[in-house]
Amino acid sequence: MFIVFLILLFGFLALLVYYYFLIQQRYQYFNQRGIATPPFNFFFGHLKTVWNHPSHHRQLENWTKQYGKIYGIYEGTHPILVVSDPDFLQEVFIKQFSVFHTRLVTMLDDVSSNLGFSTGSKWRRQRHVINPSFTAVKLKAMSPLINGSINDLMDKLLEHSNIGDEFNIYLYYKRVTMDVICRCAFGVDIDLQNNPNHIYFQKVEELIGVHTILKSPIYKMTQLVPETRSILARLYLAHNTARKYINTRVLPLISSTKQLDESAFAWLLNRLHTIVEQRQKTPISRKDLLQLMLQAMNKEPNQNTAEDDNKTNHWLSKDEVIGNTVAFMVAGYETTSTALAYATYVLAKHPDVLKKLQDEIDQLPIDNDDNTNDEKIKEYPNYDTVTHLSYMDMFISEVLRMYPIGNFTLQRCAMENTVVQGINIEKGTTVYADIYSIHYDRELWGPDDPYIFLPERHKTKRHPMAFMAFGAGPRNCIGMRFALIEIKMLLTRLLREYTILPGEHLEIRFQIVARKLRNTRVLPLISSTKQLDESAFAWLLNRLHTIVEQRQKTPISRKDLLQLMLQAMNKEPNQNTAEDDNKTNHWLSKDEVIGNTVAFMVAGYETTSTALAYATYVLAKHPDVLKKLQDEIDQLPIDSDDNTNDEKIKEYPNYDTVTHLSYMDMFISEVLRMYPIGNFTLQRCAMENTVVQGINIEKGTTVYADIYSIHYDRELWGPDDPYIFLPERHKTKRHPMAFMAFGAGPRNCVGMRFALIEIKMLLTRLLQEYTILPGEHLESNFNIHEEIAIVPEAIWIKLLKRET
Ligand code: HEM
């Protein structure tokens, strides 16, 4: 036995030694070729530096300054050539494309079938099938869809311009580009401008945000030990499949609400699976990208007969259709909205450029768009109109030269041994284009300083690899024409009506504030970019600081909470005189005013909206309860609200009216009993040693209230089963601590009455006009999870207008 153990141990050690020497040998790659490489760590290579730097490409640019136009780095042990020599790149991206037709193979290739990650013939076939989706004819047909989404954006901008406030336009750009891609890619109208928390948007944000798979430990492991790639990808897929199975097959048997979290990626794939299946069952005639791909899917070649090559090449599998639709959602939304944000930032800084653009736009002919029957959309700038904008073209190119976006994808992997400009490149080596160094290279972009924004520099013919914002060669960005048309149509409409001016914080916070300029063009706007992100908390504190200062400078008579706190702030006691206790106790510091306003924003928004969401969920499930509520509401007296001069608002249910709703009161209590929200705060810490019911409690000990156990306790809430929704149970007097949704005692929720009035007024108006019906996804997407509050994922319902 001992001998077996020794042999195993020896074998293991020998393997380790072998692996050590293998790694050492791999690290000779650049040395042997005389290529410079920055210092690196054993096993990690340069990954630690890359992971820890906020911008991958800024890090590459820094190294290029030190090590020249061609140098090497190691991703783990994998050799990567970082290049900013345009001739070398032309060789790799274009002339030797047959060798370099693939990006570095990662676990994403095993996880999703789409253009971006796939390799070899799989990529070629998909590209061949999808390319025609982006021809001029197809894009023309999509332009009314784009204009429809721009209309929604323009409505929102008008609201801001009427108020004259400061706001973040990047958010609106994100919404419009997501709207456009959902309409054009798979024919779903999500109306994000009016529905900003749409689940698709959240999931895509999650997919590309902090939870992106690229930052996950599993992905990093595959970077360090590429040999684990396939197995970890399979594990990842199996894990998602298991969760889906449990969510759809197992949990519904146990509970109607509990669901396991799916990763955003898996969630999107599953959702699109359903859409594709629906489209297959009931085909519709839409000119979207999904439709074009579905046509290719139906042409699946018969494996048993000798199909001609053309047919085999014109086919997409179902997984590819789904994978590419997700890819379009991700690639088509984030890139285009960010390009628009940078464009807005530049326009705010360069009024001369803005003026030239507006002059060009004002000269545009008004073409009638024949691709739509909508008379309003017919007259907006369409595909044909915006092709006349030569200055706009140069402007967008200059924006993307100075602020390139899709840099991570600018890479090619050698699929055979080859030689490029005298350098031996082994199969498997990857070449990264260092886009910042290229886009700011004086030799490529001079004689004018490349750090100056100058659209006219694009009049001069440059090296074919000088501009790489959309990549280069046969594997460049497939959505380029789509993105450019969208950006041009949007900017044309925006600049026709508005002028963008810089705000005070433009440089510090990348924000632009509105000021009126011309009669017809007033624009308020802001573009925020990722580089200078503040934490949300710091951002809110700073913003409120400004508001408080403005209010102090120019007091206004408003009956809001801030005003009440400001009055208290003005009563600051004089430290040098003996103020009476009453005055000292009625004072708030400026930081307290600001801090409490933030607290009200957070506590007052998430909790109340969640309570409303749960209430709606319950109403969709219990038509009998809904009916009782509506009957009660229909009996309401119509009080006239004396607190407003607005004649319309006067007649809506107000504070006094909704105090008559006793069934509503019980209903809300029952909702919050079954779905308590703010549980995290239900705790008290002993500030002295004490004894509670015979238990010695030391100073510093915390007591948590277990609200779920209390709210579902049969002794406290019986005799009816506490798991049944029954508003009437609140008629019975219960233990004073049986209901803890708003906490208890002197430190209970200070906003309780505010929240209850808001919920009652809103539900009253909603139910006066509508009946709530369950949507198909009501149960499957309810998914309660806990963040700071305990929240549902989504409430899918239908509304039925009531007869008046
Ligand atoms: C301003 C907007 C956009 C920018 C700056 C951008 C940039 C890029 C870049 C740099 C690449 C890599 C090209 C290469 O390796 O040579 C790429 C690839 C790609 N882009 Fe875009 N993109 C934009 C918009 C879009 C849109 C709207 C879509 C889809 C509707 C899209 C879909 C894709 C796809 C699928 C690929 C992979 C192509 C392949 O591997 O064959 N992109 N993009």
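Residues numbered from 1 in each chain as written. Predicted model: local features only at pLDDT ≥ 70, side-chain atom pairs only at ≥ 80, totals over all residues. Heavy atoms only, no water.

Talk me through the sheet that holds strand β6 (residues 430-433); I want residue IDs and the actual numbers.
With mixed pairing, four strands are arranged side by side in an open sheet as β1-β2-β6-β3. Two strands bound the open sheet, and with one partner strand each, they are β1 (70-75) and β3 (411-413). Neighbour-to-neighbour, the strand axes of the sheet open up by a mean angle of 25 degrees, direction not taken into account. Sheet topology places strand β2 (residues 78-83) next to β6; four bridges connect them, and they run parallel. Bridging from a neighbouring strand, Val83 pairs with Ala433 of β6. (Pairing = 2+ DSSP bridges. Helix = DSSP H or I, 4+ residues; strand = E, 2+ residues; numbered from the N terminus. Axes fitted to C-alpha atoms, helices over the stretch in contact; angles between N-to-C directions.)

Can you tell me about the packing of helix α32 (residues 662-674) against helix α35 (residues 752-769), naming the residues and giving the values?
Where α32 meets α35, the closest approach of the two axes is 11 Å, and the angle between their N-to-C directions is 115 degrees. When the axes of α32 and α35 are compared, the pair comes out roughly perpendicular. The interaxial crossing formed by α32 with α35 has right-handed handedness. Taken together, the residues of α35 that come into contact with α32 (itself represented by Met664, Asp665, Phe667 and Ile668) are Leu756, Ile759, Lys760, Leu763 and Thr764. Class assignment of the residues belonging to the contact of α32 with α35 gives a composition of six nonpolar, one polar and two charged. (Parallel < 35°, antiparallel > 145°, perpendicular 65-115°, else oblique. Left-handed = near helix turned anticlockwise from the far one by under 90°. Contact = heavy atoms within 4.5 Å. Nonpolar A, V, L, I, M, F, W, Y, C, P; charged D, E, K, R; others polar.)

Describe the coordination of the iron atom of the ligand, listing the residues and the values that go with them.
Its sole protein donor being Cys477 (SG), the iron atom of the ligand sits 2.4 Å from that atom. Summarising the element assignment, Cys477 is placed in the loop between α22 (442-445) and α23 (480-497). (Donors = N, O, S within 2.8 Å, 3.2 Å for Na, K, Ca; no water.)

Now, about the UniProt feature "transmembrane region" (unreviewed entry) in the protein: what can you tell me, with residues and values included?
Summarizing the sequence annotation, UniProt attributes the feature "transmembrane region" (unreviewed entry) to residues 6-23 in the numbering used throughout. Between the end C-alpha atoms of residues 6-23 the distance is 25 Å, and the span holds 100% helix and 0% strand. (UniProt positions renumbered as here; feature names shortened; annotations may be inferred.)

Would you mind going over the site of the ligand in detail, with residue names and values included?
Close to the ligand lie 28 residues, the nearest being Arg103, Trp123, Arg412, Arg475 and Cys477. Arg475 is positioned such that a nitrogen or oxygen atom in its side chain is 2.8 Å from an oxygen atom of the ligand. Mapped by element, the contributors of at least two residues to the shell around the ligand are α7 (120-130), α16 (318-349) and α23. Considering each element in turn, the shell around the ligand owes the most residues, six residues, to α16. Along the lines of polarity and charge, the residues of the shell around the ligand split into 15 nonpolar, nine polar and four charged. (Near = heavy atom within 4 Å. Polar contact = N/O pair within 3.5 Å; in protein donor to acceptor, adjacent residues only side chain to side chain.)

Please give an account of the side chain of Thr608 that cites residues and values.
Mapped onto the elements, Thr608 comes out in helix α28 (residues 590-621). Here Thr608 is in contact with Ala755, Glu758 and Ile759, once residues within four sequence places are set aside.

Kindly report on the pattern of salt bridges, identifying the contributing residues and their values.
Tallied over the full model, the rule gives 23 salt bridges. Its salt-bridge partner being Glu227, residue Arg26 comes within 3.3 Å of it at the nearest N-O pair. Here Arg26 is found in helix α1 (residues 2-26), whereas its partner Glu227 is found in the loop between α11 (217-224) and α12 (229-254), with 201 residues between them in sequence. Residue classification places Arg26 among the partly exposed residues on the basis of a relative accessible area of 29%. You can call Glu227 partly exposed: its relative accessible area is 49%. (Salt bridge = Lys/Arg side-chain N within 4 Å of Asp/Glu carboxyl O. Buried < 20%, exposed > 50% of the residue type's maximum accessible area, 1.4 Å probe, protein only.)

Describe in detail the packing of aromatic side chains, supporting the description with residues and values.
Within this structure, the stated rule accounts for 23 aromatic pairs. Seen from their ring centres, Phe134 and Phe482 are 6.2 Å apart, and the 85 degrees between their planes marks the pair as edge-to-face. With a gap of 348 residues between them, Phe134 in the loop between α7 and α8 (136-163) and Phe482 in helix α23 connect regions that are remote in the sequence. Take Phe482: its relative accessible area is 4%, and that puts it in the buried class. Look at Tyr345 and Tyr403: their rings are 6.1 Å apart centre to centre, the planes differ by 80 degrees, and that puts the pair in the edge-to-face class. (Phe/Tyr/Trp six-rings, centres within 6.5 Å; stacked < 30°, edge-to-face > 60°.)

Quick rundown of the nonpolar core? Include the residues and the values.
Of all hydrophobic cores here, the largest spans 101 residues; its most connected members are Met178, Phe186, Phe328, Met329 and Phe395. For this core, the leading source of residues is α16, giving 15 residues. If sequence neighbours within four positions are ignored, Phe328 has contacts with Ile130, Phe134, Ile181, Ala185, Leu289, Met293, Tyr333 and Ile478. Within the second largest apolar cluster, 36 residues are counted, among which are Leu612, Ala615, Leu661 and Tyr675. (Core = buried A, V, L, I, M, F, W, Y, C linked by side-chain atoms within 4.5 Å.)

Summarise the UniProt feature "binding site: heme" (unreviewed entry) in the protein; cite the residues concerned and give the values.
Mapped onto this numbering, the UniProt entry gives "binding site: heme" (unreviewed entry) at Cys477. Residues in contact with Cys477, not counting those within four places in the same chain, are Arg127 and Phe470.

So what about the environment of Ala483? Which residues, and what values?
Along the chain, Ala483 turns up in helix α23. For Ala483, a relative accessible area of 11% gives the class buried. In sequence terms Ala483 and Thr177 are 306 residues apart; their C-alpha atoms lie 9.3 Å from each other.

Before we move on, could you go through the pairing of β6 and cite the residues and values that matter?
Here β6 shows a buried face lined by Thr430 and Tyr432 and a second buried face lined by Val431 and Ala433. When β3 meets β6, the two strands line up antiparallel, connected through three bridges. The residue of β6 that forms the bridge with Cys413 is Thr430.

Now, about the side chain of Asp434: what can you tell me, with residues and values included?
Checked against the element boundaries, Asp434 lands in the loop between β6 and α21 (435-439). A distance of 2.4 Å separates a polar atom in the side chain of Asp434 from a polar atom in the side chain of Ser437.

Could you give an account of helix α20 (residues 390-402), naming the residues involved and the relevant values?
The end-to-end C-alpha distance of α20 is 19 Å, a good match for the 18 Å that 13 residues give at a rise of 1.5 Å each. Within α20, 10 of the 13 residues are buried, leaving the element largely enclosed by the surrounding structure. Turning to α20, the residues buried within the fold contact α16, α17 (351-362), α21, α22 and α23. (Expected span 1.5 Å × (residues − 1).)

Go over α17 with me, naming the residues and quoting the values.
With 12 residues, α17 extends 16 Å between its outermost C-alpha atoms, agreeing within 8% with the 16 Å of an ideal straight helix rising 1.5 Å per residue. What α17 keeps buried is the set Val353, Leu354, Leu357, Gln358, Glu360 and Ile361. The buried residues of α17 all sit within an arc of 160 degrees when viewed along its axis, so they share a single face. Where the residues of α17 are buried, they touch α16, α20 and α23. (Arc of directions from axis to C-beta.)

Would you mind going over the packing of α16 against α23 in detail, with residue names and values included?
Closest axis-to-axis distance for the α16/α23 pair is 10 Å, and the angle between their directions is 40 degrees. Taken together, the axes of α16 and α23 lie oblique to each other. As α16 runs across α23, the sense of the crossing is right-handed. Contacts from Thr336, Ala339, Leu340, Ala343 and Leu347 of α16 reach α23 at Ala483, Glu486, Ile487, Leu490, Leu491 and Leu495. Partitioned by chemical class, the residues of the contact of α16 with α23 number nine nonpolar, one polar and one charged.

Residues and numbers for a nonpolar patch on the surface, please.
Taken together, the side chains of Phe2, Phe5, Leu6, Leu9, Phe12, Leu13 and Leu16 define a hydrophobic patch exposed on the protein surface, amounting to about 710 Å² of accessible area. Assessed through its relative accessible area of 58%, Phe2 is described here as exposed. (Patch = residues over 30% accessible without salt bridge, like charges linked within 9 Å, V, L, I, M, F, W, Y side chains within 5 Å. Areas by Shrake-Rupley, 256 points an atom, 1.4 Å probe, with all protein chains shown as cover.)

Now, about the environment of Val625: what can you tell me, with residues and values included?
Structurally, the position occupied by Val625 is in helix α29 (residues 623-634). What makes Val625 buried here is its relative accessible area of 4%. Residue contacts for Val625: discarding those within four places in its chain leaves Leu619, Tyr663, Phe667, Phe725 and Pro727.

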